[in-house]
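Residue-level structural notes
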Amino acid sequence: MSYDPNSFEEVLSAARACRICEADLPLGPRPVVRASRSARLLIVGQAPGTRVHASGIPWDDRSGERLREWLNLSPDIFYDEAKIAIVPMGFCFPGNDERGGDLPPPAICAKTWHAPIRQHLSGVSLTLLIGLYAQRFYLGKARKSSLTETVAAFRDYLPDYLPLPHPSWRNTGWLKKNPWFEADLLPELRARISSALEA
């Protein structure tokens, strides 16, 4: 697919028209990505679920409700493209695994699109890495041996990155086992988001 990498409009248009994984997507391609040059916060999650695939609106589900609660952001601000970019590891719903969960995002998606998009997001001062796949991709060898350890060591990755668990309701047990997340990480997260968006 041909586009001018120096034109943000062309990069986004090409990303939204991407069909690289078409043959492997059970519901077909529907790339969900939001970004603007003026964005101050970047949210990197996993991949759209079926509800987001249907609506075309990122985090338009129960996980999104919990995420907005964590960030202490209203939907109006969360979906303000001028302030917040949402660029998941996979832009399309990848399908379900044998247990009914979502399959991993295809690695080719982030490898193809994250660098071309990010080069135009020079105003981003904080990137939230939500879940294991985003943390593997962005933190590389700096990532700890487990997601819990990586999230617990969140201060090691500041001020550029802040790792988070996925806000899926399946992770409610994890949150109960790790009370430091709500006590220590969330206040830091909210303060840094406030600072980033007000800058």
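Here goes a summary of the coordinates provided. (Residues numbered from 1 in each chain as written. Predicted model: local features only at pLDDT ≥ 70, side-chain atom pairs only at ≥ 80, totals over all residues. Heavy atoms only, no water.)

1. Here's the deal with a nonpolar patch on the surface
As a reminder of what qualifies: Patch membership needs two things, relative accessible area over 30% and no salt bridge, and members are linked within 9 Å if like-charged or within 5 Å if nonpolar (Val, Leu, Ile, Met, Phe, Trp, Tyr). Note on areas: Shrake-Rupley, 1.4 Å probe, and residue coverage restricted to the protein chains presented here. The term salt bridge refers to a pairing of a side-chain nitrogen on Lys or Arg with a carboxyl oxygen on Asp or Glu at a separation within 4 Å. The helix count covers DSSP runs of H or I at least four residues long, the strand count covers runs of E at least two residues long, and both are numbered beginning at the N terminus. Relative accessible area decides the class of each residue, using a 1.4 Å probe on protein chains only: under 20% of the type maximum gives buried, over 50% gives exposed, and in between gives partly exposed.
Side chains of Met-1, Ile-20 and Ile-108 sit close together on the surface and give an oily, nonpolar patch of about 280 Å² of accessible area. Mapped onto the elements of the fold, Ile-108 is located in helix 5 (residues 107–118). Looking at Ile-108, the relative accessible area reads 40%, which means it is partly exposed.

2. Overview of the nonpolar core
Nonpolar side chains tend to gather and get buried jointly when the protein is soluble and globular. For clarity, the threshold we go by: Residues belong to one nonpolar core when they are buried, are Ala, Val, Leu, Ile, Met, Phe, Trp, Tyr or Cys, and are joined through side-chain atoms within 4.5 Å. Any pair of residues with heavy atoms lying within 4.5 Å of one another is described as a contacting pair.
Among the nonpolar cores identified, the biggest contains 30 residues, and Phe-91, Trp-113, Ile-117 and Leu-121 are the most heavily contacted of them. For this core, the secondary structure elements donating two or more residues are helix 1 (8–16), strand 1 (41–44), helix 5 and helix 6 (132–139). Of the residues forming this core, the biggest block, five residues, is contributed by helix 1. In this structure, Phe-91 is in contact with Ala-15, Arg-30, Pro-31, Val-32, Val-33, Pro-48, Cys-109, Trp-113, His-114 and Ile-117, ignoring residues within four places of it in sequence. Formed by 26 residues, the second largest nonpolar core is a distinct cluster that contains Trp-59, Trp-70, Leu-128 and Phe-181.

3. Some remarks on the pairing of strand 3 (residues 126–130)
Within a regular strand, the side chains alternate between the two sheet faces. To be explicit about the condition: Here the rule is simple: two strands pair whenever DSSP picks up at least two bridges between them.
In terms of burial, strand 3 is a largely internal element, five of the five residues being buried. Both faces of strand 3 are covered, namely the face carrying Leu-126, Leu-128 and Ile-130 and the face carrying Thr-127 and Leu-129. Bridge count for strand 1 against strand 3 is four bridges, and the pairing is parallel. Bridge pairing links Leu-42 to Thr-127 in strand 3.

4. What to know about the layout of surface pockets
Any empty space left between atoms is shown by rolling a water-sized probe over those atoms. Note the cut-off: A cavity here means a set of 1 Å grid points, computed over protein atoms only, where a 1.4 Å probe fits but cannot escape. A pocket is an open set with protein on both sides within 12 Å along at least 5 of 7 lines, and lining residues have an atom within 4 Å of a point. Grid points are joined across faces, edges and corners, and a volume is the space filled by probe spheres set on the points. In this count, Pro and Cys sit with the nonpolar residues alongside Ala, Val, Leu, Ile, Met, Phe, Trp and Tyr, while Asp, Glu, Lys and Arg are called charged and the others, Gly among them, polar.
Counted as a void, the largest pocket has a volume near 990 Å³. Lining the largest pocket are 38 residues, and of these Gln-46, Ser-63, Asp-102, His-166 and Ser-168 lie nearest its centre. Looking at the lining of the largest pocket, the elements with two or more residues in it are helix 2 (50–55), helix 3 (62–71) and helix 6. When residues of the lining of the largest pocket are assigned to their parent elements, the largest contribution, three residues, is made by helix 2. Class assignment for the residues of the lining of the largest pocket results in 19 nonpolar, 12 polar and seven charged.

5. Comments concerning the packing of aromatic side chains
Put simply, the rule reads: Two rings from Phe, Tyr or Trp (for Trp, the six-membered ring) form a pair when their centres sit within 6.5 Å of each other. Planes less than 30 degrees apart are called stacked, planes more than 60 degrees apart edge-to-face, and all others tilted. Here, a charge over a ring is recorded when the distance from Lys NZ or Arg CZ to the ring centre is within 6 Å and its angle to the ring normal is within 35 degrees.
Summed over all chains, the structure comprises eight aromatic pairs. Ring centres of Tyr-138 and Tyr-161 lie 5.9 Å apart, and the angle between their planes is 50 degrees; on these two criteria the pair is classed as tilted. Placement of the pair is Tyr-138 in helix 6 and Tyr-161 in strand 4 (residues 161–164), with a sequence separation of 23 residues. A relative accessible area of 15% means that Tyr-138 is categorised as buried. By way of ring pairs, the aromatic residues Trp-70, Trp-174, Trp-180 and Phe-181 are connected into one cluster. Just above the ring of Trp-169 sits the side chain of Arg-66; from NZ or CZ to the centre is 3.9 Å.

Any link to function would need more than the numbers given here.
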